[in-house]
Amino acid sequence: MTDSPNVPAIETVGLGRRYRRGWALRDTSFRLPAGRVCALVGPNGAGKTTLLSMAADLITPTTGTITLSGHRPGSVQARQSTAFLSQQKALYPRFRVSEILRMGRELNPTWHQETAESVIDAGQVPMNARVGTLSGGQATRVAFALALGKRPRLMLLDEPMADLDPLVRHQMNDILQAEARRHGSTVVMSSHLVSELESACDYLVLVNNGTVRLAGEVDLLLAEHRQLTGHHRQEPVPDGYQVIATSGDEGGHSSLVRTSHASPPDAGHRAPTLEELVLGYLRAPDAPALLTPSARVDGGMEVVAA
Amino acid sequence: MSTATTRSRTPVRRGPRLRGLTWLIWRQNRTAFWIGLAVAAAVACYALVQHQHIAAAVTAQHLDACQGHQLSERCLSRLTTFGQQYQFPMRRPLQAMLLLPFLFGLFLGGPQLAQELESGTYRTVATQSVTRMRWFAAKLGVPLAMTVLVSGVIAAAMTWWWHPVAKAMGPMFPWHQWYPFYGVGPVVVGLSVLFYLLGATLGLVLRRTVLAMGATLAVGAGLFALLEAVRPRLWPVRTAYAQHTSEPPAPLDAWQLADGPLSKEGHRVSEAWDCYAAGDIKQCLASRGITGRWSEYHPASDLWPLQWTATGLCLALGVVLIALSLWWTRRNPA
């Protein structure tokens, strides 16, 4: 029952990975339901790449487990249904574009040539050009074609568009969204550019200091927070509110607060944008973790703030 | 879901086509593979032609009759002329054969895994549907098969070229020197396979192409020195004792490893060096109780047993390297 919506696309339990310099990711438990487009955000070195690399079976966990639709990464089922696009997008520079697609065909039983070719054609990348002679944007397009041609149920993208100009980035996003919608695939996209993720993603996983701080549906997470503007630092925060982070100077402060009741008590409180929410949690690495019910792992040891 | 129709823009070629990982590894190494195949074919053609020339010359000059312990003046001069014409030109190629294993090690083995690890392309392959172990097996196996094929053809060709000359010239073209020993026979294949695996393993561990190539050169040279040191002991040495002679009792075309004086009772005794300056050497030796000589040697027939043992040793080391690299990949998956 791989395609059952009840089986999460990704589930980690107590997942941790230690390198020689220390823990990159520690005791991380969360779920990503299938069919979501998920933003994976966090500062550099927070463990985003480590998390995605463990899902792609490029590194093995030091502690805990990670499963993709119930399968171990590296199992035949997980391999055939997962595509991974790393920052480097390393392709063989002496291969022609058509040979990269042939590689995809030879190594993946689920390969769909038309999907891959349509991605290439949309960017007018010549099929017989050598990969080494392509521009950064064109090479990324080829890497996308290789990933999408596999028709993955799960796409793992590790800042693949960081080096693209805004127009190409937009096109890639559109292609990705269209493919994901058409096949009901799950997408996990890590990025620094929160504003870019806002329109594309309906799920959020925020990693900071080596563990998950926020996870859940974007709208549910936003509903649990308020943005207080214009209040003074000395002013007491109303009951039931928990300040996550405050920014701004003496003139005007702006605080992200967590609340359990949904209605805005008075003026000056408003729903935060996704960017405000993410920035608030990035400023406060020690804020208590918040996972919505769909992101929680039963029996996990997550501390969920009331 | 989708229909199974898959349109391909590349024209469909007739004939056998490589599939899956085999295609990928062939495509990555095709320049090296084609160079290897072309060189092997050229060497094979040249050796075939040379063999015909040499066989004809042996017949025409009746060199078959010029064998044995005592060569007539005529035979000696004919063999010398034959050697100048046919043995001299093959000395450099036989010496150059020592480089062949290094070529496989440095240019096929060294970059094979190091380049993937260095450029990060292994991540692209590792996230396709094939398992890491299958990719690893193909990455080692396909170039290995090519190494066996190319070095095998070249070794067979060199042996075919060398053999009639060596047969005609006998002791005048010693078989046991480093050339032709490393230039003919199965040891060429054994060394090429070992050096390829050495390069690949070093590349896996060092993860840098240039570093792996340099290390392959250094470790390979060390292995060669080691093999050259143990080579006489790779097959049981024969011992001969003879009385009433001051000559070592080994065949003329043997690989003489050691010899010394023998007492009347058949015991090995130390040399009496000053006797060799005496007027009557035999008399002087006899007065010291030396009446014969012993000798330790490999007869010419030991060439192939020595070669096969060296080959076996190389292949055993190669298996160890494969096991080592498998263990390394399991331990450090990425």
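The structure displayed is predicted, hence computed values, not measured ones.

Caption draft 1: Representation of the overall build of chain A. Scanning chain A from N- to C-terminus turns up nine helices and 14 strands. Every one of the 306 residues in chain A was classed for burial, and the buried ones make up 56%. Within chain A, residue pairs in contact and separated by at least 24 positions form 69% of the contacts whose partners lie at least 6 positions apart. When the accessible surface of chain A is split by element, carbon and sulfur atoms take 51% of a total near 13,000 Å².

Caption draft 2: Local environment of a nonpolar patch on the surface. On the surface, a nonpolar cluster with roughly 210 Å² of combined accessible area is contributed by L71, L76 and M172 of chain B. For L76 of chain B, a relative accessible area of 39% gives the class partly exposed.

Caption draft 3: Structural view of the sheet that holds strand β2 (residues 255-263) of chain B. All names here are of chain B. The antiparallel open sheet is built from three strands, whose spatial order is β1-β3-β2. Edge positions in the open sheet fall to β1 (238-243) and β2, since each of these has one partner strand only. Pairwise comparison of adjacent strand axes, ignoring direction, gives a mean angle of 20 degrees for this sheet. In this sheet, strand β3 (residues 290-298) lies alongside β2 in antiparallel orientation, the contact comprising eight bridges. The residue bridging S263 from the neighbouring strand is I290, located in β3.

Caption draft 4: Up close: the environment of M155 of chain A. Residues and elements named next belong to chain A. Within the fold, M155 resides in strand β6 (residues 154-158). As for M155 and A139, which are separated by 16 residues in sequence, their C-alpha atoms are 18 Å apart. Residues in contact with M155, not counting those within four places in the same chain, are A83, A147, L148, L176, T186, V187 and V188.

Caption draft 5: Looking closely at the interface of chain B and chain A. At the junction of the two partners, chain B supplies 33 residues and chain A supplies 36 residues. Here chain B and chain A share an interface that buries about 3,200 Å² over both sides, 49% of which is from carbon and sulfur atoms. For the interface between chain B and chain A, the tally reads four salt bridges. One salt bridge connects E106 of chain A with R19 of chain B, and the closest N-O pair in it is separated by 3.5 Å. Counting the contacts that link chain B with chain A gives 15 residue pairs in polar contact (both at pLDDT 80 or more). Contributing elements (two or more residues each) for the side of chain B that touches chain A: α1 (20-60), α3 (100-119) and α4 (121-126) of chain B. A class-by-class count of the residues in the side of chain B that touches chain A yields nine nonpolar, 15 polar and nine charged.

Caption draft 6: Representation of the domain arrangement of chain A in the model. All names here are of chain A. Domain parsing of chain A yields domain 1 (10-216) and domain 2 (217-293). When each unit is reduced to the centre of its C-alpha atoms, the spacing between domain 1 and domain 2 is 31 Å. Listed per partner, the contact involves 21 residues of domain 1 and 19 residues of domain 2. For the pairing of domain 1 and domain 2, the buried interface totals around 1,600 Å² over both sides, and the portion due to carbon and sulfur atoms is 66%. For the interface between domain 1 and domain 2, the tally reads one salt bridge.

Caption draft 7: Representation of the domain arrangement of chain B in the model. Residue and element names in this part refer to chain B. One can read the domain layout of chain B as domain 1 (24-65 + 75-235 + 313-331) and domain 2 (238-301). One C-alpha centre belongs to domain 1, the other to domain 2, and the line joining them spans 40 Å. Across the domain 1/domain 2 interface, buried area totals approximately 750 Å², and carbon plus sulfur atoms make up 70% of it. The three residues of domain 1 that bury the most area against domain 2 are P171, W175 and P232, which together make up 61% of that side's buried surface. Linking domain 1 with domain 2 are zero salt bridges, by the criterion used here. Where domain 1 packs against domain 2, one counts two residue pairs in polar contact (both at pLDDT 80 or more). Grouping the constituent residues of the side of domain 1 that touches domain 2 by class yields four nonpolar, one polar and one charged.

Caption draft 8: How the structure looks around the confidence of the model for chain A. Residues and elements named next belong to chain A. For chain A, per-residue confidence averages 82 on the pLDDT scale, and 87% of positions sit at 70 or higher. Mean pLDDT values for the elements of chain A range from 72 in strand β11 (residues 241-247) up to 94 in helix α3 (residues 97-107). In this model residues 300-306 is a low-confidence stretch, pLDDT under 50, and it forms 14 contacts with partners more than four residues away in sequence or in other chains.

Caption draft 9: Spotlight on the pattern of salt bridges. In this structure the tally under the stated criterion is 16 salt bridges over all chains. Among the ionic pairs, E99 of chain A bridges to R27 of chain B, the shortest N-O distance being 2.8 Å. Linking E99 of chain A in helix α3 with R27 of chain B in helix α1, this pair reaches from one chain into another. Take E99 of chain A and R27 of chain B: they sit in the same class, and that class is buried. Among the charged side chains, a network of salt bridges with common partners joins R36, D202 and E217 of chain A.

Here is what the cut-offs are and how they apply
- Residues numbered from 1 in each chain as written.
- Chains lettered and ligands numbered in written order.
- Predicted model: local features only at pLDDT ≥ 70, side-chain atom pairs only at ≥ 80, totals over all residues.
- Heavy atoms only, no water.
- Helix = DSSP H or I, 4+ residues; strand = E, 2+ residues; numbered from the N terminus.
- Buried < 20%, exposed > 50% of the residue type's maximum accessible area, 1.4 Å probe, protein only.
- Contact = heavy atoms within 4.5 Å.
- Areas by Shrake-Rupley, 256 points an atom, 1.4 Å probe, with all protein chains shown as cover.
- Patch = residues over 30% accessible without salt bridge, like charges linked within 9 Å, V, L, I, M, F, W, Y side chains within 5 Å.
- Salt bridge = Lys/Arg side-chain N within 4 Å of Asp/Glu carboxyl O.
- Pairing = 2+ DSSP bridges.
- Axes fitted to C-alpha atoms, helices over the stretch in contact; angles between N-to-C directions.
- Buried area = accessible area lost by both parts, 1.4 Å probe.
- Polar contact = N/O pair within 3.5 Å; in protein donor to acceptor, adjacent residues only side chain to side chain.
- Nonpolar A, V, L, I, M, F, W, Y, C, P; charged D, E, K, R; others polar.
- Domains from an automatic or database assignment.
- pLDDT = per-residue confidence, 0-100.

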